[in-house]
Every structure is written in C-alpha cells, then in structure tokens.
Amino acid sequence: MHEFELGVLKSVLKHLIQILYAMDPTLISMLNERFSTILPFGIDGIRHFPPNVAEMRQRVARHFEDMLQVCRICSIPAFEGLFPAKDDAIIRMLLFYLSEWHALAKLRMHSDNSLTRLDEALKRLAAKIWRFQKYTCNAFKTHELPNYMRTIRVFGTTDSYTTQTGELAHCMIKKFYRCTNKRDVATGFAKQERQQTHIRRQLGDHTSQEITLDDASPDETELLSELHHVMRPLQHNAFNLASFLRENQSDPAVKNFVPKMKFDGDEHSFTDDECNDLWIIGVNYTMYDIHREQDIMWPGTGCFIMTLSWEDEPNAHPFWYCQVIRAFHIKVLHVGLNARCRSPQTMELLWVCWLGVEPGYSCSFWEAKLPKVGFVPETDDNAFGFLDPSFVVHGCHLIPSFSDGHTTSL
C-alpha cells in the first residue's frame with residue numbers, strides 16, 4: 001500500500017491543497033488548524049499531525065495514511081466546508097470512496113466476498129475520480145489500482161509484501177557510501193550492513209529483556225490479554241469522593257451522582273473516608289482476523305468508547321457512544337433486600353458523558369456520509385451517568401465536525 005499512500009493519496013491531497021491556495025490562502029491556515037486539533041488515537045493508529053500539514057514536506061507514508069483515516073472515520077471533517085458547495089460534495093465523495101477502497105485493500109484477511117467488494121469499490125472510486133477530473137481538477141495520478149485484487153488472490157493479503165523496502169533502499173546505500181573510502185565500495189557496504197544488523201539484534205535482545213522484567217509474569221500477561229478489560233490504579237490521583245462531590249456540587253455532571261451508581265434498584269452504601277482511584281483502562285477485544293487487540297485509554301478529554309445499543313426501534317443505530325470522564329475503583333457495601341454478600345466489595349465504574357446521534361442528520365453508505373454524534377444536552381437527566389466497563393466494546397476516535405462551528409454548551 002506504500003505506492004497508494006505516497007502515490008494516489010498524496011496526489012489527491014496535493015491537488016486539494018493547491019485548489020485551496022488558488023481560492024484563498026487563508027483557507028490553508030484553517031486547514032492546518034483543523035488537523036492540529038485532531039487528537040491522536042491508539043498506539044499505532046492516528047498520530048499527532050505535523051504543525052503545517054499543507055506544506056507536505058518530508059512527510060512519510062504514515063502521515064498521508066493518517067490523513068486518509070481522518071477522512072474515513074468522521075465524514076471528511078478536515079476538508080468539509082472549505083470548498084464551494086458543488087465541489088465540496090464531489091471532494092467529499094472522492095475521499096470517502098478512496099477511504100473505502102483503502103480499507104478493503106488493507107484487510108489482513110480476505111474472502112471471495114471481500115475481494116468482490118474490493119472490485120466493486122474500485123468501480124465506484126473510478127467513477128468519482130472521473131467526476132473529480134471533469135468538474136474540479138483535470139490532473140490526477142492513479143497508479144495501477146486494478147491489479148490489487150488479482151495480486152491479493154495470487155500472493156495473499158497486502159500486509160505480506162511491500163514495495164517500500166526496495167523503494168527506500170537507496171537511502172541506506174547513500175548513507176553507507178558517505179562512510180566508505182570511495183575505493184572498495186562493495187566491501188565497505190558489506191561491513192557497514194553487518195555492523196548495523198549486529199547492533200539491531202543487540203537492541204532487540206535488550207528490549208525483550210526489559211519487557212520480561214515487568215511486574216507481570218508471562219502467564220499473567222497472557223491471562224490479562226484474555227480478560228475483557230484491565231483497570232490499573234494511579235495512586236497519586238487518589239481522591240476522596242465525598243469531598244469531591246461537595247466541592248463540585250454546582251457542576252451539572254455531579255447531579256444525582258450517588259443515586260446513579262445504584263444497580264438493579266438495590267442500595268449501595270459508600271463510605272466518606274474511602275479514597276477512589278483514577279485508573280488507566282485497557283479494553284481487550286478480538287479483531288476480524290482473529291487477532292487480539294487492546295485499546296489503552298486515559299479517562300478525560302479524548303477518551304471515547306462505544307457500547308452496543310439497547311434500542312430496539314427499527315433503523316436504530318447499533319452503537320452508543322460516550323466520553324469517559326473518570327474511572328473509579330470503589331469500595332461499596334451492598335445493603336439491598338436482595339444482597340447476597342453484606343461485606344465490603346470492590347466495584348468498577350466508568351463515569352461517562354453520553355453522546356447521541358445528531359437529530360435530523362441523514363447518513364448512509366451510498367450518500368458517502370458516516371454517522372454524526374453530539375453530546376446529550378446537560379438539561380437531560382441522562383446526559384451523565386455510569387457504565388459497567390464490561391459493556392465496553394472498544395475505544396473510538398471522534399473528530400469534531402469543523403464545518404458546524406464551535407459551541408460552549410452541551
């Protein structure tokens with residue numbers, strides 16, 4: 001996929017930026033500001049963007065891949081609204097179907113059905129490219145995208161091979177050449193390559209030793225990966241719950257704080273002197289290719305999660321979304337009528353701010369639009385609440401809808 005990310009995708013982004021320059025140079029500053037506002041996500045997911053995305057200088061493939069992921073995740077937010085209405089719709093659909101084809105081509109497990117969908121996605125992408133060339137910009141670079149489906153059928157998924165190694169080999173050769181005596185070049189290359197390989201292996205052994213020195217044994221590490229979630233304490237962030245509620249009693253988020261902690265109508269008694277720790281959340285889940293993955297999240301700004309929807313209406317959205325404000329590990333005493341154990345117990349809770357699907361917003365795959373969510377108004381009694389961590393599917397990356405402006409209220 002290296003030739004796609006530094007070929008087709010780079011060509012598209014370059015042309016879009018040039019169009020913005022031709023329209024109004026101040027739009028470039030707005031574009032850079034939008035990208036700088038986007039938070040990173042995951043360990044190897046979306047990273048921090050460079051301060052000036054529009055320059056596109058000394059950028060590696062992962063930067064363009066991240067820009068594409070931003071377009072795929074949240075309805076093309078970075079470029080949305082910067083172009084005239086007619087061109088904006090064409091560009092939005094082009095970026096959407098580029099994202100669709102890119103996502104299908106990068107799958108680590110394929111079937112006949114997924115390859116058929118990849119072929120259909122290519123046809124839709126070709127139609128959008130033709131429309132973009134005819135009505136918006138007549139210069140475009142496409143590479144050999146039709147060959148991907150045939151190549152995957154013969155050689156396997158695209159993560160098994162890459163042209164990046166050969167394309168970047170010249171950089172290593174130039175670096176080695178500067179360190180040779182310029183006479184016996186081949187021997188100098190061989191010595192330097194062996195030295196780098198030896199150093200790389202030593203660093204790899206040292207890294208593996210550091211990992212095994214962790215508090216958890218290999219058996220415990222494997223066991224933790226099989227659990228649904230792991231919540232780790234940060235002792236320096238411990239605080240008193242009763243004091244916290246008194247100090248923030250005017251905050252709408254703490255309204256009916258303790259009553260909302262009740263489960264199944266049973267009463268729980270919370271001690272005033274019990275400290276409640278802020279925790280790091282690790283949610284384990286199985287990917288489509290049967291690999292286990294983990295989302296590491298820190299409660300606060302940018303910590304969004306998704307859970308299965310409990311709505312049963314026709315055409316209801318399948319997921320609910322919320323922002324994790326804090327995560328608690330609390331000592332409780334169950335005093336309800338149905339209590340099975342009246343000794344103090346430990347309870348894990350996520351204090352969340354709920355988000356809902358945007359009312360009146362139409363979204364579908366064929367419209368090249370993804371769902372749009374927003375915070376539930378603070379006047380709603382269910383705007384804030386608590387969630388059992390076992391209900392979390394995994395983390396999600398939400399990007400502001402820049403074209404809708406800013407607001408200071410929920």
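Participant: Tell me about helix 6 (residues 147–155), and name the residues and values.
Facilitator: All buried positions along helix 6 are accounted for by Tyr148, Met149 and Ile152. Projection of helix 6 onto a plane perpendicular to its axis shows the buried side chains occupying an angular sector of 100 degrees, all on one side. In helix 6, the exposed residues that point more than 90 degrees away from the buried face are Val154 and Phe155. Within two residues after helix 6, Gly156 carries a phi angle of roughly 105 degrees, on the positive side.

Participant: Break down the side chain of Arg34 for me, citing the residues and quoting the values.
Facilitator: In this structure, Arg34 sits in helix 2 (residues 26–37). Ignoring sequence-local partners within four residues, the contact set of Arg34 consists of Pro77, Ala78, Phe79, Glu80, Leu82, Phe402 and Ser403.

Participant: Can you break down the packing of helix 5 (residues 112–135) against helix 6 residue by residue, with the values?
Facilitator: In the contact formed by helix 5 and helix 6, the axes pass within 9 Å of each other and the chain directions differ by 160 degrees. Compared by their axis directions, helix 5 and helix 6 come out roughly antiparallel. In the crossing of helix 5 with helix 6, the sense of the turn from one axis to the other is right-handed. Of the residues in helix 6, those touching helix 5 at Asp112, Leu115, Leu118 and Asp119 are Met149, Ile152 and Arg153. Considering only residue class, the contact of helix 5 with helix 6 consists of four nonpolar, no polar and three charged.

Participant: Hey, could you go over the pattern of salt bridges for me, with residue numbers and the actual values?
Facilitator: It is possible for side chains of opposite charge to pair when their charged atoms get near one another. Following the criterion strictly, the structure yields seven salt bridges and no others. In this structure, Glu100 and Arg124 form a salt bridge, with 2.4 Å as the shortest nitrogen-oxygen distance. Separated by 24 residues along the polypeptide, Glu100 in helix 4 (residues 85–105) and Arg124 in helix 5 bring together distant segments of the chain. Given the relative accessible area of 8%, Glu100 is considered buried. By relative accessible area, Arg124 is classed as buried at 18%. Residue Asp112 pairs with Arg153 through a salt bridge whose shortest N-O separation is 3.7 Å.

Participant: Residue-level account of the nonpolar core, with values.
Facilitator: Ranked by size, the top nonpolar core spans 50 residues in total, and within it Phe79 and Trp101 carry the most contacts. Those elements giving two or more residues to this core turn out to be helix 1 (2–23), helix 2, helix 4, helix 5 and helix 6. Counting 31 residues, the second largest nonpolar core, distinct from the first, contains Val254, Cys303, Ile305 and Ala383.

Participant: With reference to specific residues and values, describe the packing of helix 4 against helix 5.
Facilitator: Where helix 4 contacts helix 5, the axes come no closer than 9 Å and their chain directions differ by 150 degrees. One way to sum up the angle between helix 4 and helix 5 is to call them roughly antiparallel. Crossing handedness for the pair helix 4 and helix 5: left-handed. Here Asp87, Ile90, Ile91, Met93, Leu94, Tyr97, Leu98, Glu100, Trp101, Leu104 and Ala105 of helix 4 come into contact with helix 5, specifically with Arg117, Leu118, Ala121, Leu122, Arg124, Leu125, Lys128, Ile129, Arg131, Phe132 and Tyr135. Residue classes in the contact of helix 4 with helix 5 are distributed as 16 nonpolar, no polar and six charged.

Reading the values: rules and limits
Residues numbered from 1 in each chain as written. Predicted model: local features only at pLDDT ≥ 70, side-chain atom pairs only at ≥ 80, totals over all residues. Heavy atoms only, no water. Buried < 20%, exposed > 50% of the residue type's maximum accessible area, 1.4 Å probe, protein only. Helix = DSSP H or I, 4+ residues; strand = E, 2+ residues; numbered from the N terminus. Arc of directions from axis to C-beta. Contact = heavy atoms within 4.5 Å. Axes fitted to C-alpha atoms, helices over the stretch in contact; angles between N-to-C directions. Parallel < 35°, antiparallel > 145°, perpendicular 65-115°, else oblique. Left-handed = near helix turned anticlockwise from the far one by under 90°. Nonpolar A, V, L, I, M, F, W, Y, C, P; charged D, E, K, R; others polar. Salt bridge = Lys/Arg side-chain N within 4 Å of Asp/Glu carboxyl O. Core = buried A, V, L, I, M, F, W, Y, C linked by side-chain atoms within 4.5 Å.

None of this, on its own, says anything about what the molecule does.
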